[in-house]
Amino acid sequence: FTADYHAGAPCLTENSFGKGKAYYIATQPEPAFIKAFLEYLMSSNAISSPLPVPAGVEVTKRSNNTGDYLFILNHNQHPVEFSLPGAFQELISGERLQDKLSLDAKAVKILKKA
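Residues numbered from 1 in each chain as written. Predicted model: local features only at pLDDT ≥ 70, side-chain atom pairs only at ≥ 80, totals over all residues. Heavy atoms only, no water.

Novice: Describe helix α1 (residues 31–44), listing the residues and the values that go with them.
Specialist: An ideal rise of 1.5 Å per residue puts 20 Å on 14 residues; α1 measures up with 20 Å between its terminal C-alpha atoms. Of the residues trailing α1, alanine 46 is marked for its positive phi of about 55 degrees. (Helix = DSSP H or I, 4+ residues; strand = E, 2+ residues; numbered from the N terminus. Expected span 1.5 Å × (residues − 1).)

Okay, structure coming up:
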């Protein structure tokens, strides 16, 4: 911080403990700061999305003894289309998808590698 009674105090701190780290943000940052900070955390911890997807699309990977499952949610008010790395089975409809996925606005798909 550079002004008022917070001048000279940090707005972001990092504390290492054991194998982990904790961060404290002592302010209400702008969205650009949060985006850059999350990108830093992802990069420095080798975290990436299971699929490259357009903005507004959420991908979560879950695994068990039968394989990996991708839960894909389109939070946008418009449809999206993006590439898939190969063939998948869509578990809700049973549809087989090859190389691309079209997802309606607010739609959900659950994929398993075919």
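Moving on from the coordinates now.
Novice: Any details on a nonpolar patch on the surface? Residues and values, ideally.
Specialist: A surface patch of nonpolar side chains, amounting to about 290 Å² of accessible area, comprises Leu12, Phe33, Ile34 and Leu38. With three residues, α1 is the single largest residue contributor to the nonpolar patch. On the secondary structure map, isoleucine 34 appears in helix α1. The exposure class of isoleucine 34 is partly exposed, given its relative accessible area of 32%. (Patch = residues over 30% accessible without salt bridge, like charges linked within 9 Å, V, L, I, M, F, W, Y side chains within 5 Å. Areas by Shrake-Rupley, 256 points an atom, 1.4 Å probe, with all protein chains shown as cover. Salt bridge = Lys/Arg side-chain N within 4 Å of Asp/Glu carboxyl O. Buried < 20%, exposed > 50% of the residue type's maximum accessible area, 1.4 Å probe, protein only.)

Novice: Please give an account of the packing of aromatic side chains that cites residues and values.
Specialist: Geometry of an aromatic ring pair is reported as the spacing of the ring centres plus the angle between the planes. With the rule as written, the count across this model stands at three aromatic pairs. Taking 5.4 Å as the distance between ring centres and 80 degrees as the angle between the ring planes, the aromatic pair formed by tyrosine 23 and phenylalanine 37 counts as edge-to-face. Note that tyrosine 23 is positioned in strand β2 (residues 20–25) and phenylalanine 37 in helix α1, a separation of 14 residues in sequence. Between phenylalanine 37 and tyrosine 40, the aromatic rings sit 6.4 Å apart at their centres with planes inclined by 25 degrees, giving stacked as the arrangement. Taken as a pair, phenylalanine 37 and tyrosine 40 lie in helix α1 at a separation of three residues, close to a single helical turn. Of the residues examined, phenylalanine 37 reaches a relative accessible area of 11% and is grouped as buried. Classification of tyrosine 40 by relative accessible area gives partly exposed; the value is 42%. A network of ring pairs unites the aromatic residues Tyr23, Phe33, Phe37 and Tyr40 as a single cluster. (Phe/Tyr/Trp six-rings, centres within 6.5 Å; stacked < 30°, edge-to-face > 60°.)

Novice: Please set out unusual backbone geometry residue by residue, giving values where relevant.
Specialist: A positive phi angle is found at aspartate 4, which is not glycine, with a value near 60 degrees. You can call aspartate 4 exposed: its relative accessible area is 67%. The phi torsion at lysine 106 lies on the positive side, around 60 degrees, for a residue other than glycine. With respect to the helices and strands, lysine 106 occurs in the loop between β6 (96–103) and β7 (108–113). A residue is classified by how much of its surface remains accessible, and lysine 106, at 49% relative accessible area, is partly exposed.

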